[in-house]
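# Observations on chain architecture
Chain residues, written in single-letter form:
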Amino acid sequence: MYVRHLQLVDFRSWEKVDLALRPGPTVFVGRNGEGKTNLVEAVGYLATMSSHRVSADAPLVRHGAGQAVVRAALRREDRELLVEVEVNPGRANRVRVNRAALPRPRELLGLVKSVLFAPEDLALVRGDPAERRRFLDDLLVSRTPRLAGVRSDYDRVLKQRNALLKTARMARGDALATLDVWDAHLVDYGGQLLAARLALVADLAPHVARAYATVAGAGGAAAGLGYASTVPLAGDGTPPAPDAPTPSAAGLSAALRERIAERRRDEVDRGMTLVGPHRDDLVLHLGGVPAKGFASHGESWSLALALKLGCFGLLRADGEEPILVLDDVFATLDAGRRAALAEVARSAEQTLITAAVLDDVPDELRGARVEVGEGTATLVGPPPRSRPGRCPVADDRPPRPSDIARAALEAARAASASRPAPTRRRVAGPRRRWTGPGPGEDDPQPLARLVDSLVSTQDWSEQTRVGAVFGRWSAIVGQDIAAHCRPETLTEGELLVVAESTAWATQLRLLAPTILAKLRASVGGDVVTRLRVVGPTAPSWKKGPRSVRGRGPRDTYG
Ligand SMILES: Nc1ncnc2c1ncn2[C@@H]1O[C@H](COP(=O)(O)OP(=O)(O)OP(=O)(O)O)[C@@H](O)[C@H]1O
């Protein structure tokens, strides 16, 4: 994959820049502060929807502007991909792929694969666990886009659970009554996230070990990865044996549930969730000991570089060719490490390198150059290989049906690449039919089959799906939730749910996205599109569309 054309509008220091790029290494060269990093940061943003320098989106928008736009035309094998991201601080970002809007911006994750190495990556070795968790989760989502949903659901449930624990600590209300529901969700998403992280650490470890051996050269210590979890089953930080089986998501959920129960009192005392993947750490080892606090500055640098080169190797082994971005790194490396990095950089389909001084960049990477200065960025060298008369990033035509189909196909491809292969397949062949002396269509049939055929011949499938919402309510939403509310009416996709108390109504409103997802999975996406939750209502004397203020007919009831 490579970026063929990059256009930025009000992104960082760039009011507007249009830049043609080409495969192979390209060096962005210019004086300090001219905006070189800003250009490659935009490419990294397309891959992770976040910056490697800041945690919020606001600094990405040029001072004084309301929004930033990043547009990139990418080439993946023989396919063209046009990605446009509107960065709207304080509001939802908007993403279009091949001119069709994505329903949720996070659906972009996994489509653009890039690995960025920058001075900030030293924090992966020396910084807080949060840096390493983010590193793991970004790579996780890039390989398996479906996990973006699990990660955000986990974060949402965690936030809500923490809010509830705080309220419980301050003894306000019967907050603990609803904690079990949040526990169930936390355990479910947490188990999935833990299992995915453990599998990732196992996959990544050999790539990092190899990269470190190359970067550090002969005589360097061996690098290893371990996972230190608040759930003992998930790991104690020591690198597991290469062929050790990773625990299942169900097993990890059960272990997390047990641990949560053990720590319940502490959690209430401290008003926060103390166990789960949000408290875990990726432990980097050098020569069998944890690197944090022991590794020298040079070793820490090499380890950070090996982590990123390990990611690059892993994505490549998955069958993807990620864009390699090297921001300001050659000047700080010694000759051996420079040569090792240059070798990987040369082999990548596209490597974008920033440097204030061209001499810092190894000779073999100095093919194409983007000169950055005085508010302009210009590619110097052979022109990019692009089809004449077509510049998709500058063309602002509305989407055609074929664009929408192509975008849907791209999203489906990315999603299916991350889906595990089916374990059981129906063997192709003629369906079994009753023949000869066996029962024919007029013979007695099992009741379920007769009902199914009646539903399909009478075209009652819509009604049965609506009926299932009410009939299978507790199986769909779970016993915990069903015990505290009931579905009342379903009108034009809006399901009215009556909660047993106002506290439960509040909880259910917060759980609405989860409940809708469960309904979608059970009865199809178009049956229930909205949820309206109301609390228990007192009897009302008001009848009809018009009424007068007052407490009702007091002459009768006092
Ligand atoms: N949101 C923003 N709005 C306007 N200017 C910004 C914004 N964010 C950063 N800048 C400016 O961008 C410049 C830094 O750009 P960048 O980090 O890309 O420089 P660089 O060319 O990589 O420099 P160096 O060689 O020192 O790393 C600074 O002058 C900074 O003030």
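A quick note: this is a predicted structure, and the numbers were derived from the prediction, not measured.

The next point concerns the nonpolar core. Of all hydrophobic cores here, the largest spans 103 residues; its most connected members are Leu-225, Leu-326, Trp-473, Leu-508, Ile-515, Leu-519 and Leu-531. Top contributing element to this core by residue count: helix H5 (residues 179-216), with 19 residues. Setting aside its immediate chain neighbours within four residues, Trp-473 contacts Ala-468, Gly-478, Ala-482, Cys-485, Arg-486, Pro-487, Leu-495, Val-497, Ile-515 and Leu-519. Listed in part, the 47 residues of the second largest apolar core include Ala-42, Val-97, Leu-116 and Ala-368.

The next point concerns the packing of helix H3 (residues 129-143) against H5. Packing of H3 against H5 leaves a shortest axis separation of 10 Å and a crossing angle of 90°. With respect to H5, the element H3 is oriented roughly perpendicular. Facing H3, whose interface residues are Arg-133, Phe-135, Leu-136, Asp-137, Leu-139, Leu-140 and Arg-143, H5 presents Leu-193, Ala-196, Arg-197, Leu-200, Val-201, Asp-203 and Leu-204. The class makeup of the residues in the contact of H3 with H5 is nine nonpolar, no polar and five charged.

Okay, the pairing of strand E2 (residues 14-20) next. Pairing between strand E1 (residues 2-11) and E2: six bridges, direction antiparallel. Residue pairing across strands places Phe-11 opposite Trp-14, the latter belonging to E2. Hairpin geometry of E1 and E2 is characterised by an intervening segment of two residues between the two adjacent antiparallel strands and by a positive phi of about 50° at Arg-12.

Relative to the helices and strands, Ile-323 is located in strand E12 (residues 323-327). Put simply, Ile-323 and Phe-312 are 11 residues apart on the chain and 8.7 Å apart in space, counted from C-alpha to C-alpha. Not counting residues up to four positions away in its chain, the partners in contact with Ile-323 are Met-1, Tyr-2, Val-3, Val-43, Leu-74, Val-112, Lys-113, Ser-114, Val-115, Gln-350 and Leu-352.

As a further point, take the site of the ligand. The environment of the ligand is formed by 16 residues, the closest being Gly-33, Thr-37, Asn-38, Pro-59 and Val-61. The backbone of Asn-38 places a nitrogen or oxygen atom 2.8 Å from an oxygen atom of the ligand. Here an oxygen atom of the ligand and a side-chain polar atom of Asp-328 are 3.1 Å apart. Within the complex, the protein chains bury 73% of what would otherwise be the 650 Å² of accessible surface of the ligand. Considered class by class, the residues forming the shell around the ligand number two nonpolar, seven polar and seven charged.

Taking 1.5 Å per residue, 21 residues should reach 30 Å; helix H8 (residues 297-317) reaches 30 Å between its end C-alpha atoms and fits that length. Among the 21 residues of H8, 15 are classified as buried, and the element is accordingly described as predominantly covered. A positive phi of about 105° marks Gly-319, the residue just after H8.

Attention now goes to the pattern of salt bridges. Within this structure, the stated rule accounts for 32 salt bridges. One salt-bridge network, held together by shared partners, links Arg-161, Asp-180, Asp-183, Arg-264 and Glu-267.

For the rest of this paragraph, the subject is the sheet that holds E12. An order of E8-E12-E13-E3-E14-E15 is seen for the six strands of this open sheet, with the pairing classed as mixed. At either margin of the open sheet sits one strand with a lone partner, and together these are strand E8 (114-117) and strand E15 (376-380). In this sheet, neighbouring strand axes are inclined to one another by 15° on average, regardless of whether the strands run parallel or antiparallel. Bridge analysis of E12 against strand E13 (residues 350-355) gives four bridges, and the strand direction is parallel. Across the sheet, residue Leu-326 finds its bridge partner in E13, namely Ile-353.

Let us now look at the UniProt feature "binding site: ATP" (unreviewed entry) in the protein chain. Taking the numbering used here, the UniProt-annotated feature "binding site: ATP" (unreviewed entry) corresponds to Gly-30, Arg-31, Asn-32, Gly-33, Glu-34, Gly-35, Lys-36 and Thr-37. Residue class for Lys-36 comes out buried when judged on its relative accessible area of 8%. Excluding residues that lie within four positions of it along the chain, Lys-36 makes contacts with Phe-28, Val-29, Gly-30, Arg-31, Thr-354, Ala-355, Ala-356 and Val-372. Given a relative accessible area of 15%, Thr-37 falls into the buried group.

Turning next to the packing of H3 against H8. The relative placement of two packed helices is expressed as an angle between their axes plus a distance between the axes. Interaxial distance between H3 and H8 falls to 11 Å at its minimum, and their mutual angle equals 15°. The orientation of H3 relative to H8 falls into the category roughly parallel. Along this stretch, H3 crosses H8, giving a crossing that reads as right-handed. Across the interface between the two elements, Phe-135, Leu-139, Ser-142 and Arg-143 from H3 touch Leu-307, Lys-308, Cys-311, Leu-314 and Leu-315 from H8. When grouped by side-chain class, the residues that make up the contact of H3 with H8 number six nonpolar, one polar and two charged.

Time to look at the side chain of Glu-86. Structurally, Glu-86 can be placed in strand E5 (residues 79-87). For Glu-86, the side chain forms a polar contact with the side chain of Asn-88, separated by 3.4 Å. Once you skip the residues sitting within four places of it in the chain, Glu-86 turns out to touch Gln-67, Ala-68, Val-69, Asn-93 and Arg-94.

Now for the environment of Glu-80. Inspection of the secondary structure assignment puts Glu-80 in strand E5. When the C-alpha positions of Glu-80 and Met-1 are compared, they lie 9.8 Å apart, and in sequence the two are 79 residues distant. Separated by 2.8 Å, the side chains of Glu-80 and Arg-4 make a polar contact. A distance of 2.6 Å separates the side chain of Glu-80 from the side chain of Arg-75, its partner in a polar contact.

For the structure on display, the rule yields one aromatic pair. A ring pair is formed by Phe-117 and Trp-301, whose centres lie 5.3 Å apart and whose planes are at 80°; its orientation type is edge-to-face. Note that Phe-117 is positioned in strand E8 and Trp-301 in helix H8, a separation of 184 residues in sequence. Owing to a relative accessible area of 8%, Trp-301 belongs among the buried residues under this scheme.

It is worth spelling out the sheet that holds E1 at this point. One open sheet accounts for six strands, arranged E2-E1-E4-E5-E6-E7; its pairing is antiparallel. Each end of this open sheet is capped by a strand with a single partner; those strands are E2 and strand E7 (100-101). The pairing of E1 with strand E4 (residues 68-76) spans seven bridges and is antiparallel. Bridge pairing links Leu-8 to Val-70 in E4. Where helix H1 (residues 36-48) meets the sheet, it contacts E1, E2, E4 and E5, and its direction lies at approximately 110° from that of E1.

Criteria and cut-off values
Counting of residues starts from 1 at the beginning of each chain's written sequence and follows it residue by residue. Totals for whole chains, interfaces and linings use every residue, but because this is a predicted model, local features are given only for residues with pLDDT of at least 70 and side-chain atom pairs only at 80 or more, for both listing and counting. Values shown for side chains rest on all heavy atoms present in the structure; no hydrogens or waters enter the calculation. Joining through side-chain atoms within 4.5 Å is the link that ties buried Ala, Val, Leu, Ile, Met, Phe, Trp, Tyr and Cys residues into a set, and such a set is a nonpolar core. Exposed residues in this analysis have more than 50% of their type's maximum accessible area, buried residues have under 20%, and partly exposed residues fall in between, with area computed by a 1.4 Å probe over protein chains only. Counting from the N terminus, the helices are DSSP H or I runs at least four residues long and the strands are E runs at least two residues long. Only heavy atoms matter for contacts: two residues are in contact if any of them lie within 4.5 Å across the pair. Throughout, an axis means a line fitted to C-alpha atoms (over the contacting stretch in the case of helices), and angles, computed between N-to-C directions, take values from 0 to 180 degrees. Geometric relationships in this document are graded by angle, where less than 35 degrees denotes roughly parallel, more than 145 denotes roughly antiparallel, 65 to 115 denotes roughly perpendicular, and other angles denote oblique. Under the grouping applied here, Gly and all other residues not named as nonpolar or charged are polar, the nonpolar ones being Ala, Val, Leu, Ile, Met, Phe, Trp, Tyr, Cys and Pro and the charged ones Asp, Glu, Lys and Arg. A strand pair is defined by DSSP finding two or more bridges across the two strands. Note on terminology: near, applied to a residue and a molecule or strand, indicates that one of the residue's heavy atoms is within 4 Å of it. In protein, a polar contact means a hydrogen-donor-capable atom and an acceptor-capable atom, both N or O and within 3.5 Å, with residues adjacent in sequence counting only if both atoms are side-chain atoms; elsewhere, any N or O pair within 3.5 Å suffices. The Shrake-Rupley method, run with a 1.4 Å probe, gives the accessible areas here. Residue values count only the displayed protein chains as cover. Here the expected length of a helix is defined as 1.5 Å per residue gap, with one fewer gap than residues. When a carboxyl oxygen of Asp or Glu lies within 4 Å of a side-chain nitrogen of Lys or Arg, that pair is called a salt bridge. UniProt positions are given in the numbering used here, feature names are shortened, and annotations may be inferred rather than shown by experiment. Each crossing is labelled by how the near helix is turned from the far one, with a counterclockwise turn of less than a right angle marking it left-handed and a clockwise turn marking it right-handed. Ring pairs are drawn from Phe, Tyr and Trp, using the six-membered ring of Trp, whenever the two centres fall within 6.5 Å, and their geometry is named by plane angle: stacked under 30 degrees, edge-to-face over 60, tilted for the rest.

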